[in-house]
Amino acid sequence: MLNSFIYLSIISIALGNNIKDERLINSHITFAGIKFNVISNGNSSNRYIWLHGDEKTAKMALEHHIKRYSGLAFFIDNESREVPYKSTIIDPNRIFSRNGSYHALRKFKPGWAPGTLKKALDEIDDEREDFLNILMPAKGGLLISLHNNFRGYNVYKEKNKSQKTSIKANENPRDFMICTNAKDFEKLASGPYNVVLQNVLPENDDGSLSWEALRRNIRYLNIETRLGYLSKQKKMLKYIEETLD
Ligand SMILES: [Zn+2]
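Predicted model, so just to flag it, every value in this text is computed and none were measured. (Residues numbered from 1 in each chain as written. Predicted model: local features only at pLDDT ≥ 70, side-chain atom pairs only at ≥ 80, totals over all residues.)

### Focus on the pairing of strand E13 (residues 194-197)
1) Next: Along E13, one buried face is formed by Asn 194 and Val 196 and the opposite face, lined by Val 195 and Leu 197, is buried too.
2) Next: Where strand E11 (residues 164-166) and E13 come together, three bridges link them in antiparallel fashion. Residue pairing for E13: Thr 165 is matched across the bridge by Val 196. (Buried ≥ 20, exposed ≤ 12 C-beta atoms within 10 Å, placed from the backbone. Helix = DSSP H or I, 4+ residues; strand = E, 2+ residues; numbered from the N terminus. Pairing = 2+ DSSP bridges.)

What follows is the structure, given as structure tokens:
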């Protein structure tokens, strides 16, 4: 079953000036019709994912990182935030639960013909399980997701959903990390970056990947920076890699 979803082609990928890097393995996987390009480097159980096609800084940070650190990196094959799904578009970070998928499917298409919404939800449920079995790290591994914000969104908007916060006076509130593991939080809180701990499930799960990771007891981290702040995001990623083990 899993093999029908992951297509490994053991070819080295061309980097920058056509320099081939033999350590990297390129493949792809689909979930709900959404294609993800997957780059594998070495044997680490760490997983990385870039989910929103318009957040290009996060993509570049991850491309940079996976050439230097081992793990499996998932890149969405899309240019905008939402992806086409059947006759609508959906936010790929709102379909990691059935409840989230229900709202995502209806956001841009409130009316569905009788029976078709349930069928779509059942389909997403089936494919999600296969996708998550590949995406989620083995016990002890980290799942790191990378995002960028454009304006407005910042660490203070996460305060109410967080159990602990460590907000630094000299850091921009739009650059921050969310983690789901209390020990990881303690380590990161003593470092230079803004970080919040979210280790209690909300009453209404919005279908984002972080809650699914928490349900599975996976150490999840979200690295959020302002769009365009590439060196910042690269540094935060490196910091996590060197601080958590
Ligand atoms: Zn995002």
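### Regarding the environment of Ser 190
1) Next: Within the element layout of this structure, Ser 190 appears in the loop between helix H4 (182-189) and E13.
2) Next: According to the C-beta neighbour criterion, Ser 190 is exposed, with 10 such atoms within 10 Å.

### Re unusual backbone geometry
1) Next: The phi torsion at Lys 86 lies on the positive side, around 45°, for a residue other than glycine.
2) Next: Relative to the elements of secondary structure, Lys 86 occurs in the loop between strand E8 (83-85) and strand E9 (88-90).
3) Next: We classify Lys 86 as partly exposed; it has 15 C-beta atoms within 10 Å.
4) Next: For Asn 217, which is not glycine, the phi dihedral falls at a positive 60°.
5) Next: Relative to the helices and strands, Asn 217 is located in the loop between helix H5 (209-215) and strand E14 (219-226).
6) Next: Accessibility expressed as a C-beta count within 10 Å gives 11 for Asn 217, which makes it exposed.

### Remarks on the packing of helix H1 (residues 56-66) against helix H6 (residues 230-243)
1) Next: Packing of H1 against H6 brings their axes to within 9 Å, and their N-to-C directions diverge by 45°. Here H6 runs oblique to H1, going by the angle between their axes. As for how H1 packs across H6, the hand of that crossing is right-handed. When H1 is examined against H6, the residues Thr 57, Ala 58, Met 60, Ala 61, His 64 and His 65 are found in contact with a partner set consisting of Leu 230, Gln 233, Lys 234 and Leu 237.
2) Next: In the contact of H1 with H6, the residues fall into five nonpolar, four polar and one charged. (Axes fitted to C-alpha atoms, helices over the stretch in contact; angles between N-to-C directions. Parallel < 35°, antiparallel > 145°, perpendicular 65-115°, else oblique. Left-handed = near helix turned anticlockwise from the far one by under 90°. Contact = placed C-beta atoms within 7 Å. Nonpolar A, V, L, I, M, F, W, Y, C, P; charged D, E, K, R; others polar.)

### Here we look at the nonpolar core
1) Next: Formed by 55 residues in total, the largest nonpolar core has its most connected members in Leu 62, Ala 73, Met 177, Cys 179 and Leu 221.
2) Next: Discounting chain neighbours no more than four positions away, the residues touching Leu 62 are Tyr 48, Trp 50, Ala 73, Phe 75 and Leu 146. (Core = buried A, V, L, I, M, F, W, Y, C linked by C-beta atoms within 7 Å.)

### Some words on the environment of Thr 30
1) Next: Relative to the helices and strands, Thr 30 resides in strand E4 (residues 24-31).
2) Next: Spatially, the C-alpha atom of Thr 30 lies 12 Å from that of Asn 78, the residues being 48 residues apart in sequence.

### Describing the pairing of strand E12 (residues 176-179)
1) Next: Along E12, one buried face is formed by Phe 176 and Ile 178 and the opposite face, lined by Met 177 and Cys 179, is buried too.
2) Next: Across four bridges, the pairing between E12 and E13 is parallel. Bridged to Met 177 within E13 is Val 195.
3) Next: In terms of strand pairing, E12 meets E14 through four bridges, oriented antiparallel. When the bridges of E14 are listed, Cys 179 appears paired with Leu 221.

In short, the description is geometric, and any link to function would need to be established separately.
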